[in-house]
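# Secondary and tertiary structure notes
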Amino acid sequence: MYVTSCLAPRRGERVAMARKSGGGGAHRAGALKQQNKPHKSGRHSGSTAKKQGGRVPAKTLSQQRHRNLAKLDRKHRAWQLRRQCREMVLEEKRNLGRKGGPPHLVVVVPLHAGVAIPRALSLFQSSAASTVCQTKMGPPGFGLLCHQSRLRWRFVVADTGNLHAVLDLAKVADTLLFVLDPHEGWDAAGDYCLSCIFAQGLPSYGLAVQGLSDQPLKKQVDCRKKLNKAIEKRFSEDRLFPLDTEQESALLLQHLASQKQRHLAFRDRRAHLLATAATFVPSTDSALVGTLKVSGYVRGRSLNVNSLVHIVGHGDFQMSQVDASPEPFALNPRTAKIHPRSMGDQDDFVRREEEMEEDVKVLSKADASKQESLQSEVTPDPMDGEQTWPTEEELKEAEESLAQRKKMTKRVPKGTSAYQAAWILDNNDELESGSEDDDEEEDKEENMVEEPISQDGSGSEEEEEEDDEEATEEEEGPDMTLLDDEKMEDNEAILEKYRQERQEEMFPDEVDTPRDVAARIRFQKYRGLKSFRTSPWDPKENLPRDYARIFQFQDFSRTRKHVFRQLEKEESSGAEVGCYVTLHICSVPVSVMESFQQQVPLLLFTLLPYEQKMSVLNLLVRRQPGDSEPVRSKEEVIVHCGFRRFRASPLYSQHSSADKHKLEQFLRADTATVATIYGPITFPPASVLLFRQKSNGAHSLLATGSLLGVDPDRLVIKRVVLSGHPFKILSKMAVVRYMFFNREDVLWFKPVELRTKWGRRGHIKEPLGTHGHMKCQFDGQLKSQDTVLMTLYKRVFPRWTYDPHVPEPPRESLSSLLPVQEEEEMD
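Attention in this report is confined to the structure presented alongside it. None of the values given here were measured: they were computed from a predicted structure. (Residues numbered from 1 in each chain as written. Predicted model: local features only at pLDDT ≥ 70, side-chain atom pairs only at ≥ 80, totals over all residues. Heavy atoms only, no water.)

### Side note on the overall build of the protein chain
Selection rule: Only runs of H or I of at least four residues qualify as helices and only runs of E of at least two qualify as strands under DSSP, and these elements are numbered from the N terminus. Working definition: with a 1.4 Å probe on protein chains only, accessible area under 20% of the residue-type maximum means buried, over 50% means exposed, and in between means partly exposed. Contacts are residue-level and defined by heavy atoms, with any inter-residue pair within 4.5 Å sufficient. Per-residue and other accessible areas were derived by the Shrake-Rupley procedure at a 1.4 Å probe size, with only the shown protein chains allowed to occlude residues.
From N to C terminus, the protein chain includes 23 helices and 32 strands. In the protein chain, buried positions account for 39% of the 827 residues. A sequence separation of at least 24 residues applies to 77% of the contacts in the protein chain between residues at least 6 apart. Surface accessibility of the protein chain: about 50000 Å² in total, with carbon and sulfur atoms responsible for 49%.

Quick look at the structure:
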């Protein structure tokens, strides 16, 4: 009999006692116990610190400093930054139009055909405390000197009938003054100009309405409401100024002078000027080429004489000299004895010009060792990389054989080429050894050549009379039939484009396998890819000859940053902003001066380093909503890129982050597309406009966007899809036909993977017969209505159709452009 004590230890205490004594039922780890690796804390950070060598990244350092600042210090720092930005804006306002800067350039853009521009300009000129300076050359306009506010203005009127002139003036204008009609605001031509200006980049602007006070008082309120509703679509939260009296014109000038300036990036980093005067000095060799002396105010950045200058619409040129000339729009000119109201007289203007020529000072002359070169392309050497170079003996033998070949004279049939003549033997003995059939064929060819000559020589008079009668009938007949035929041909071509675009949307990239040419020959440049996204593709493989003519950067973004840093360091060199200078530009064609004499604006932009060289540009564009006509890849368009305009034939491709980009046969309207072209290097940011030239010469806005970058290694891949139909289906096996039409093609494309429209994947097992049937295996059973597809890829390149000379569009076509599109859409 056992007696239990109430003082006996509990179960937990017994376990603890057993563990302490080392006996009992305690668990011990065996030899196969899992041993986890300890966490190695600090090893990675230590290795990173060793690699950096004690350097701290700038971003991390700035974050640490900002974190260590007290709250009051952070507030004080933010206040300093705000004050600094405010002072920069005020300094810019003070310099614009005053003594230290160039005159305030205002471009007046009438947005309606009923707007009277001379009446609006007369209001600005009628102020008693101002002086008007007329300009003789270039676009119509005048200079205005306000003595009370110490401001200088230059007004230039844009011709809305010339689209190039409007866009060029908008590139350099400090302010655009849009003049509206009180009833309609703007017409179709004005709306088209606004679309182009907004796409290019809108500088500071003002809105004025003319003729509002001429309306009855009841209608003035209604007109204002209608105009405000129309303005909200284009210009949100902007004030509309009436322009009917001198007081209203003074209020408008005060608003334009005090408003904040909007910047365009492509012009702020480059020195530019709008020509006020120009003279042409022909060279001694030819009267068609000479030195152009252009005078104007430097804007944007300081101008260096060793840099290249681009004349908009004409090309790149070198400068030989920069002169400092007296200002034509000076507030305190030396000829102060002349009455302010008589400064516009011709005699006084000539006297002023003579005095200005006497006061010309040479600022700088070009240094040949520092001057930029005009070389835009690389001249490829066809023998570069040739390993089997001929020896001197072989070269001598080639020269001797060439000299003998020149001395030899042979009697050959008419129309025989030099290569064919080399195979014709002139020796009678050798001719006798030849076959008689060859002699007969040569005689036949001679007869065939001589017969029409003898007939034309005799010349039957009846045929000549018939030709003369037909010619007279064509001359006397109306030209309407020819115009109708041209319109019919254009309509048929456009209709065919619509059909092809619709076919491409329904069956993307699908093509029919040709039956007259073997598929392995037709698609010999194509290849199959396991994955379009991940499969490798060498960008230096099978490059065209045009790639030997272009320049390429090792790292474009790094070069761009380096060039912009150099601009900031060398900002003080050259003619400063606001100086009135005369540029001596070398080897300029006389056509530049002729266009300037026809009141076409003359604009000059200095080029950054490397911007005269050719490369491959990638433009990110989006289709204009109002344009619906199909546009194929490699179709010639007119490109406005930054301050340049030229012709090119772009390739359209998808915009993605992958290393390969699929070619788009047509410019799509629902998404952004990348256009790849050959063109001169331009550092972004820069706006891009694409125009299509119609049969009547008008330019229709096609797409707008921006410059994406300069990258010749960007892979544009064309995809081709061959389709076949399942003939017999047995489980996962199927017999496919109509993809190929001979046995050799099936064997050639056997390694390429197959897919179906319903998501099956497979491959070719073996060919069946000799008519292109093939046995294929898939990852699942096919449906009878499914289609078997094979995808092939090939890299494509743009066409070299670069042309910097773009003719001006006709004046009448711009005003009637949008109504024609509306009528076509209604039809």
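### Some details on the pattern of salt bridges
The criterion, for reference: Any carboxyl oxygen of Asp or Glu within 4 Å of a side-chain nitrogen of Lys or Arg constitutes a salt bridge here.
Applying the stated rule across the entire model yields 23 salt bridges. Salt-bridge contacts for K662 lead to D509; the nearest nitrogen and oxygen are separated by 3.1 Å. Of this pair, K662 sits in strand β22 (residues 660-664) while D509 is found in the loop between α17 (480-506) and β15 (510-511), placing the two residues 153 residues apart along the sequence. The pair formed by K662 and D509 is uniform in burial state, with each residue classed as buried. Between E636 and R647 there is a salt bridge, with its nearest N and O atoms 3.2 Å apart.

### Digging into the environment of Q598
With respect to the helices, strands and loops of the structure, Q598 is situated in the loop between α20 (590-597) and β17 (603-606). For the pair Q598 and G138, spaced 460 residues apart in sequence, the C-alpha separation works out to 7.2 Å.

### Topic: the side chain of R270
Stated precisely, the cut-off is as follows: Pairing of N or O atoms within 3.5 Å defines a polar contact, subject to two protein rules: one partner must be a possible hydrogen donor and the other a possible acceptor, and residues neighboring in sequence count only if both atoms are side-chain atoms.
Considering the arrangement of structural elements, one finds R270 in the loop between α10 (265-268) and β8 (272-274). A polar contact of 2.6 Å, which involves the side chain of R270, links it to the side chain of E611. Aside from chain neighbours lying at most four places away, what touches R270 is R299, G300, R301, T606, L608, E611, F643, T682 and F683.

### Concerning the sheet that holds strand β9 (residues 277-282)
Filter applied, for reference: When DSSP finds two or more bridges between a pair of strands, those strands are recorded as paired. Note on method: axes are straight lines fitted to C-alpha atoms, helices fitted across the in-contact stretch only, with angles between N-to-C directions ranging 0 to 180 degrees.
Sheet architecture is open: five strands sit in the order β9-β10-β16-β13-β14, paired in antiparallel fashion. Either end of the sheet is taken by a strand with one partner, and the two such strands are β9 and β14 (361-365). Adjacent strand axes in the sheet meet at a mean angle of 25°, parallel and antiparallel pairs treated alike. In the sheet, strand β13 (residues 319-324) pairs with strand β16 (residues 580-589) via five bridges, with the strands oriented antiparallel. The partner of V322 across the bridge, within β16, is L583.

### Remarks on helix α19 (residues 556-569)
This is how it is decided: Residue count minus one, scaled by 1.5 Å, sets the expected span of a helix. The arc in question is traced by the directions running from the helix axis to the C-beta atoms.
An ideal rise of 1.5 Å per residue puts 20 Å on 14 residues; α19 measures up with 20 Å between its terminal C-alpha atoms. Regarding α19, the residues found buried are F556, T559, V563, F564 and L567. Angular distribution of buried residues about the axis of α19 spans 135°; they occupy a single face of the element. When the buried face of α19 is taken as reference, the exposed residues oriented beyond 90 degrees from it are R558, E568 and K569. In this fold, the buried residues of α19 make contact with β25 (699-710).

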